[in-house]
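# Fold and contact review
Each chain is listed here by its residues.
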Amino acid sequence: MRRLLLILGNDIRRHLKSPMAVVIFLAIPLFMTGLIGIIFAPGEEDSTLPRIAVVLVDHDQSIASKLLMGMFDADQLKKMFEVTVTDEAEGRRRMTKGRATAMIIVPEKFTVDLLDAKTTTLTVVKNPAEQFLPDVVEEFVNTIAVMLSGAIQAFSEEARGIRAMLDQPVESFPWDKLGPELGKAQKKVVAAQAYLNPLLVGIEAEETKPASAKPKFTRTDLFSIMLPGMAIMFLLFIVQTLMRDIISDREDGKLRRMMTTPLRPMELIGARLVGGWAMGLIVLLVLVAAGTLIFRAYWGNLGSFLILGAAASFWTAAFFGLLHALVRNRNQSGAIGAPIILVFSLFGGSMMNPEAMPKAFKAIGIATPNRWFIDGAKLVREGHFPLVPLAVLVGSGVLLAALAVPALRRKTSV
Amino acid sequence: MRRLQRILHVAWNDLLIMVSDKVFFFWSLVFPMLFIVLFGLVFKSSDSAPAVAELTVVNLDEGRWGAYFLDKIEAPGIDLKIVEAEPAEYNRLIILPPDFSAGIEAKRAQKLAFKKREDASVKAAARVETRLYQAIARMLSELVLFGDGDLTKFLDGHAEFRDIVQVKTRFPENTVTVVPSGFDHSIPGTTIQFIMMMVIIYGGITVMEDRKKGVLARMLFSPLSKGEVFQAKLLGRWGMGLVQALILFIVGKIFFKLDLGSVPLALLVIAVFALAMAALSVFIGSLCRKEDLIIGLAVLLANIFAGLGGCWWPSEIVPRGVRTVAMISPAYWAMDALHKLRFFQGGFGDILPDLGILAALAVVLGVVAARVFKIRD
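All figures in this text were calculated on a predicted structure; none of them were measured in a lab.

### Quick look at the overall build of chain A
- Regarding its fold elements, chain A presents 18 helices and 5 strands.
- Taking 2.2 N^0.38 as the reference for a compact globule, 414 residues should give roughly 22 Å; the C-alpha atoms of chain A span a radius of gyration of 34 Å, well beyond that estimate.
- For chain A, with 414 residues in total, the buried portion stands at 51%.
- A separation of at least 24 residues holds for 77% of the contacts in chain A among residues at least 6 apart in sequence.

Pasting the structure below:
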């Protein structure tokens, strides 16, 4: 036992002397979590969308197009849209550069056609490189079109009057005859008020959640969900790096020298497996501490989470113990190890929320430690003890260790 | 001429060694394909493209106006589900109260409760809400047209709403004609990401190992100079990136009908990008002495560049500040050029600024890599 601890201590000291690789592997999950959090986390304000850049091309240059532009100046719409008035060529340039989501083109004679109650068409040119925001602009313009159509139908006579004003020189327009016309318009406005002020039918929108739902999803929630997935992925990378000592000791001739001492092969194997396990736990502790300090992530009952982490670390050490007993050299270990970790992570849900994954991917994910660790972490966060994930990780870990030990014994025989 | 032949010979040999390695096919084909399928399917079926938005309607109205209002809501993109009582499970729900008709006929303002689940699709909710406002606008316009008459007689005959202002949507001229598929987004992004990862990891590790094992030193016994060895190594890693991109594009074309816009220009973008990454791999391979460190750096850099550069998600949803920071990522310029080619059917002139930046980066990294390139530790 003393010799096992001596080897263990020596290994840890050796790795601490050149910790760069471990530090980088620890930094990656924190960086990834931060980046995804910045992009996808719900903000402080209600709006979950960035301001939408819209280009408005005004070929009409008259009352109706100015009215349309004025609509975008309303406070609520200003928060939602950033409108630039320019020509089509510049609009296209902006879309190509990713600086505009859509271009709204107001046709020539838009005002005149509208006042004549003739069908007229607003064109929305959508940025083909964008998937989501152009549809928002399209729906918005559809709503404006309905409102303008309604207004022009309701005040068609008045519209004709304005049309006549536009056609005639100011001096020939019969201003003195406007009185009765304005009187009629006033009656219409008064009648319309009964429907429009306040709106006869309005909408009261509210967000609801099922009875079992959690409180509103926050940035901290996102970090708390993401970090376990990232942690298990980079735990695998780090433990693999340490377990590679099994191969390098053999290749460098250290193993032969070590076996000339009173050290028994089982002590060496034990030291390597316990070393991997302990290092995994240390890595998890560092990630938990950093996640809590930097992202204010919550883990649920820390004791339960660390028990789960210990099981995952044990599984990882046993798995890479077996793998390194089976591979021939360091190159093979590196070549096989990294792909296995990435496949585990892809199917197991470290790279994407498992719930958003296609069914086939989810089914394969059950065979990965990532999935059980992520599921277990979720249970701990929700206040449960992760019994099933723990049983699976420990059970399969023991099986892997049972296979690894005799295989490693063969590997340590010199 | 013979000098060039020698460089090409070494580079070709590096490429052959790499292609004959089974792991190369994992990194360059199997794993990227898994990524492409996963992200392609997720993009295809995600919130970004719901075909029909569902709206559950609890119609308790005791008059005729409820049905009339629902007629106005109906649209090809809206799936109305009429129910008798509020169900426990729904995505979006509107309730027409028992006195809905009575309220309208009495010209009494009323607000309809529209409930949307927090966890349901934001886009579908926005579409339904917009449609509700449009339906209300249509109905109110008809009421204004009807004037201040008796509203109980409105439904027996009234002037119909006309869509005088219509809306036409299209993509910019000479660009795409159909909405690009999820794979059109995921294949270029994954290709760029894996060129970074593969070239830096594989290229960097082999430079380091060749140095540590004395392969580079032995090469100097041939007529190759140190500079030529460097050029050969750079060229070999460049070829690695190109081969990988070709494999992914061919597979994408065969299985996912990938459309790159102009294929020669897309390959030119990849070529310049791969050259920059090849220089980076030689640089890292020359500086690092440990394989794990190279893998760590490669994973870190590839993920930073891919995440910032728009390889994983549409850049439109990224906050403006992050988009500005993203310009430090070589992947940003490569993705920008590929987007211009694919989505805007751009030409050489359109991607020239992107190519210029990538080429400048390749030159800078190449010069730096040449300076730190070592034959022995």
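Having seen the model, we can carry on.
### Description of the overall build of chain B
- When its secondary structure is counted, chain B shows 13 helices and 5 strands.
- The C-alpha radius of gyration of chain B comes to 30 Å, more than 25% above the 21 Å expected for a compact globule of 377 residues.
- Reported as C-alpha extents along the three principal axes, the dimensions of chain B are approximately 105 × 45 × 35 Å.
- Within chain B, the 36 negative side-chain charges are centred at a point lying 14 Å from the centre of the 41 positive side-chain charges.

### Focus: the packing of aromatic side chains
Residues and elements named next belong to chain A.
- Tallied over the entire structure, the rule returns 25 aromatic pairs over all chains.
- Both rings, one in F319 and one in F320, keep their centres 5.1 Å apart while their planes meet at 80 degrees; by these two values the pair is edge-to-face. Summarising the burial analysis for this pair, F319 and F320 share the class buried.
- Taken together through their ring pairs, the aromatic side chains of W315, F319, F320 and F344 make up a single cluster.

### Here's the deal with a nonpolar patch on the surface
- There is a patch of nonpolar side chains on the surface, built from I307(A), F385(A), L387(A) and V388(A) and spanning about 390 Å² of accessible area.
- Here F385(A) is to be found in the loop between helix 17 (369-381) and helix 18 (387-412).

### A word on the pattern of salt bridges
- Under the criterion given, the structure shown has 23 salt bridges over all chains.
- Where E138(A) meets K126(A), a salt bridge forms, and the shortest distance between an N and an O atom there is 2.8 Å. In this pair, E138(A) sits in helix 7 (residues 133-154) while K126(A) sits in strand 4 (residues 120-126), placing the two residues 12 residues apart along the sequence.
- Taking the relative accessible area as the measure of exposure, K126(A) reaches 14% and is therefore buried.
- Among the ionic contacts, a cluster of salt bridges with common partners joins D14(B), D210(B), K233(B) and R237(B).

### Structural notes on the side chain of Q193(B)
Residues and elements named next belong to chain B.
- Assignment of secondary structure puts Q193 in helix 6 (residues 182-212).
- Within the structure, the side chain of Q193 is placed 2.9 Å from the side chain of W312, a separation counted as a polar contact.
- Discounting chain neighbours no more than four positions away, the residues touching Q193 are F35, A302, N303, A306, C311 and W312.

### Points about the confidence of the model for chain A
- For chain A, the mean per-residue pLDDT works out to 83, and 94% of the residues sit at or above 70.
- The least confident element of chain A is helix 8 (residues 156-167) of chain A, whose mean pLDDT is 74; the most confident is helix 17 of chain A, at 94.

### Digging into the environment of I282(A)
- Mapped onto the elements, I282(A) comes out in helix 13 (residues 265-295).
- Sequence spacing of I282(A) and Q153(A) is 129 residues, and the spatial spacing of their C-alpha atoms is 73 Å.

### Let's talk about the packing of helix 10 (residues 219-243) of chain A against helix 14 (residues 302-326) of chain A
Residues and elements named next belong to chain A.
- Between helix 10 and helix 14, whose axes approach to 9 Å, the crossing angle comes to 45 degrees. Taken together, the axes of helix 10 and helix 14 lie oblique to each other. Handedness of the crossing formed by helix 10 with helix 14: right-handed. Across from I232, L235, L236, V239, Q240 and M243 in helix 10, the residues of helix 14 making contact are A312, S313, T316, A317, F320, G321 and H324.
- Considering only residue class, the contact of helix 10 with helix 14 consists of 8 nonpolar, 5 polar and no charged.

Conventions and cut-offs
- Residues numbered from 1 in each chain as written.
- Chains lettered and ligands numbered in written order.
- Predicted model: local features only at pLDDT ≥ 70, side-chain atom pairs only at ≥ 80, totals over all residues.
- Heavy atoms only, no water.
- Helix = DSSP H or I, 4+ residues; strand = E, 2+ residues; numbered from the N terminus.
- Rg over C-alpha atoms; globule rule 2.2 N^0.38 Å.
- Buried < 20%, exposed > 50% of the residue type's maximum accessible area, 1.4 Å probe, protein only.
- Contact = heavy atoms within 4.5 Å.
- Lys, Arg positive; Asp, Glu negative; His and termini not counted.
- Charge placed at Lys NZ, Arg CZ, Asp CG, Glu CD.
- Phe/Tyr/Trp six-rings, centres within 6.5 Å; stacked < 30°, edge-to-face > 60°.
- Patch = residues over 30% accessible without salt bridge, like charges linked within 9 Å, V, L, I, M, F, W, Y side chains within 5 Å.
- Areas by Shrake-Rupley, 256 points an atom, 1.4 Å probe, with all protein chains shown as cover.
- Salt bridge = Lys/Arg side-chain N within 4 Å of Asp/Glu carboxyl O.
- Polar contact = N/O pair within 3.5 Å; in protein donor to acceptor, adjacent residues only side chain to side chain.
- pLDDT = per-residue confidence, 0-100.
- Axes fitted to C-alpha atoms, helices over the stretch in contact; angles between N-to-C directions.
- Parallel < 35°, antiparallel > 145°, perpendicular 65-115°, else oblique.
- Left-handed = near helix turned anticlockwise from the far one by under 90°.
- Nonpolar A, V, L, I, M, F, W, Y, C, P; charged D, E, K, R; others polar.

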